Amino acid sequence: MTVIPRNNEILIVGGGPVGMLLALELVLFGIKPRIISKHKRKSPHSKATIIWPGVLEILERTGIAEKLINEAHYFDRMNYYSNKKLVGNIRFDNLKYTPYPFAITIPQWKTERILEDSLQDKAIFIEYGYEFLCGNNTQNGIEVAIKKPNGDITTENYKWLVGADGYSSQVRSVFNIKFGGFSMETKLAITDAELLNEATSCEIGYYLHKTGNMVLAPLGGGVFRIGASLSLIHI
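Criteria and cut-off values
Think of each chain on its own: its residues are numbered from 1, step by step along the sequence as written. Given that the model is predicted, a residue must reach a pLDDT of at least 70 before its local features are reported, and side-chain atom pairs must reach 80 or more before they are shown or counted; all residues, however, enter totals for whole chains, interfaces and linings. Excluded from the side-chain calculations are hydrogens and water; all other atoms, namely the structure's heavy atoms, are used. Numbered from the N terminus, helices here are DSSP runs of H or I no shorter than four residues, and strands are runs of E no shorter than two. Accessibility here uses a 1.4 Å probe with only protein chains present; expressed as a share of the type maximum, an area under 20% marks a residue as buried, one over 50% as exposed, and anything in between as partly exposed. For this analysis, residues touch if any pair of their heavy atoms sits within 4.5 Å. All accessible areas in this document rest on Shrake-Rupley with a 1.4 Å probe, and a residue is counted as covered only by the protein chains that are shown. Positive charge is attributed to Lys and Arg, negative charge to Asp and Glu, and no charge count is given to His or to the chain ends. Where a charge lies is defined by one atom per residue type, namely NZ (Lys), CZ (Arg), CG (Asp) and CD (Glu). DSSP calls a pair of strands paired once it identifies at least 2 bridges connecting them. Pairs of N or O atoms are called polar contacts if they sit within 3.5 Å, as long as, within protein, a hydrogen donor faces a hydrogen acceptor (for residues adjacent in sequence, only side-chain-to-side-chain pairs). Expected span of a helix: the number of residues minus one, times 1.5 Å. pLDDT measures how confident the predictor is about each residue, on a scale from 0 to 100.

> Where do I start with the overall build of the chain in this structure?
Helices and strands together make up the secondary structure of the chain, namely five helices and 17 strands. Projected onto its principal axes, the C-alpha positions of the chain cover 70 × 45 × 30 Å. A burial count over the chain gives 37% of its 235 residues as buried. For the chain, the proportion of contacts with a sequence separation of at least 24, taken over those separated by at least 6, is 63%. By element, 55% of the accessible surface of the chain is carried by carbon and sulfur atoms, the whole surface being about 14400 Å². Side-chain charges in the chain split into 26 positive and 23 negative, and the spacing between the mean points of these groups amounts to 4 Å.

This is the structure:
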């Protein structure tokens with residue numbers, strides 16, 4: 001078996017937002033990683049939409065924050081209602097010691113496009129169709145097996161391996177890294193829809209009821225993310 005040495009010291013498995021942002025952070029320290037992704041992103045769905053003030057501060061380091069803000073919808077408060085009454089609120093516009101006293105909503109596919117464009121500006125290109133199969137620790141780092149788009153399998157060496165391949169991570173599975181925490185037994189119905197006669201504002205509204213909750217989050221242009229909890233009894 002021939003082990004191929006790589007000029008890249010770090011292999012990132014997963015070409016989503018986490019893997020791309022990590023790559024941009026590494027570039028700040030003069031490190032050019034390699035990124036592989038089993039599948040090319042093609043989902044038209046908005047998925048995760050909210051970026052919070054603290055995350056914008058992190059994104060600012062890589063020059064991404066303003067690009068995202070320019071294509072996003074601004075909101076600065078979260079209001080909580082029950083029985084048609086305001087029962088609580090969180091105001092981001094009162095935050096101190098941050099350049100971002102607000103949050104934004106933006107479809108995840110837009111976030112990914114902006115991140116990948118920034119990577120390509122730095123001559124880092126995600127290698128789609130490359131699959132991480134397995135790996136093991138060696139005296140010199142990490143030895144990994146990678147399946148190419150044509151089906152060939154290569155064995156390669158890296159100093160560091162990063163698993164940014166999601167909840168069902170193959171990297172975590174291979175190295176027996178547990179996914180800590182706990183799961184909440186809940187079901188949600190989520191959609192993005194245009195609401196007639198309703199202007200998108202700077203507020204996210206949570207509507208609380210003893211039988212379930214609903215949220216309306218503005219995405220801009222009269223479109224809202226609508227989420228509602230479903231009774232587990234009827235599922």
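> Help me understand the sheet that holds strand β4 (residues 50–51) in this model?
Sheets are built from strands paired through backbone hydrogen bonds, the pairs being either parallel or antiparallel. Read across the open sheet, the three strands follow the order β4-β8-β5; overall the sheet is antiparallel. Each end of this open sheet is capped by a strand with a single partner; those strands are β4 and β5 (73–75). Pairing of β4 with strand β8 (residues 103–105), which is carried by two bridges, proceeds in the antiparallel orientation. Within the sheet, the bridge partner assigned to Ile-50 lies in β8 and is Thr-105.

> Can you walk me through the pairing of strand β7 (residues 85–91) in this structure?
A regular strand carries its side chains on alternate faces of the sheet. With six bridges joining them, strand β6 (residues 77–82) and β7 adopt antiparallel strand pairing. In the strand pairing of β7, Ser-82 is matched with Lys-85. Between β6 and β7, which pair antiparallel one after the other, the connecting turn spans two residues, and Asn-83 there sits at a positive phi close to 55°.

> I tried to follow the sheet that holds strand β13 (residues 160–163) on my own but got confused; where do I start?
An order of β9-β3-β2-β13 is seen for the four strands of this open sheet, with the pairing classed as parallel. At either margin of the open sheet sits one strand with a lone partner, and together these are β9 (127–128) and β13. Examined bridge by bridge, strand β3 (residues 34–37) and β9 share two bridges and lie parallel to one another. Paired with Ser-37 across the strands is Tyr-128, a residue of β9.

> Got a minute to help me understand the side chain of Asp-76 in this structure?
With respect to the helices, strands and loops of the structure, Asp-76 is situated in the loop between β5 and β6. Polar side-chain contacts of Asp-76 include one of 2.9 Å to the side chain of Arg-77. Setting aside chain neighbours within four positions, we find Asp-76 in contact with Ile-90, Arg-91, Phe-92, Asp-93, Pro-101, Phe-102 and Cys-202.

> Explain helix α4 (residues 108–121) to me, please; I cannot follow it from the model alone.
Relative to the 20 Å expected for 14 residues at 1.5 Å per residue, α4 spans 20 Å between its end C-alpha atoms, a close match to the ideal helical length. Along α4, the residues that are buried comprise Gln-108, Thr-111, Glu-112, Ile-114, Leu-115, Glu-116, Ser-118 and Leu-119. Turning to α4, the residues buried within the fold contact α1 (17–28), β3, β4, α3 (65–70) and β9. Positive backbone phi, approximately 65°, marks Ala-123, located one or two places after α4.

> What should I look at first to understand the environment of Leu-68 in this one?
Following the sequence through the fold, Leu-68 ends up in helix α3. The sequence separation of Leu-68 and Lys-110 amounts to 42 residues, and the corresponding C-alpha distance is 8.1 Å.

> Even after reading the chapter, I still don't get the confidence of the model for the chain, so can you show me in this structure?
Detail in the predicted coordinates should be disregarded across regions flagged by low pLDDT. Per-residue pLDDT for the chain averages 90, and the proportion of residues at 70 or more is 94%. Of all the helices and strands in the chain, strand β1 (residues 3–5) carries the lowest mean pLDDT, 53, while strand β2 (residues 10–13) carries the highest, 97.

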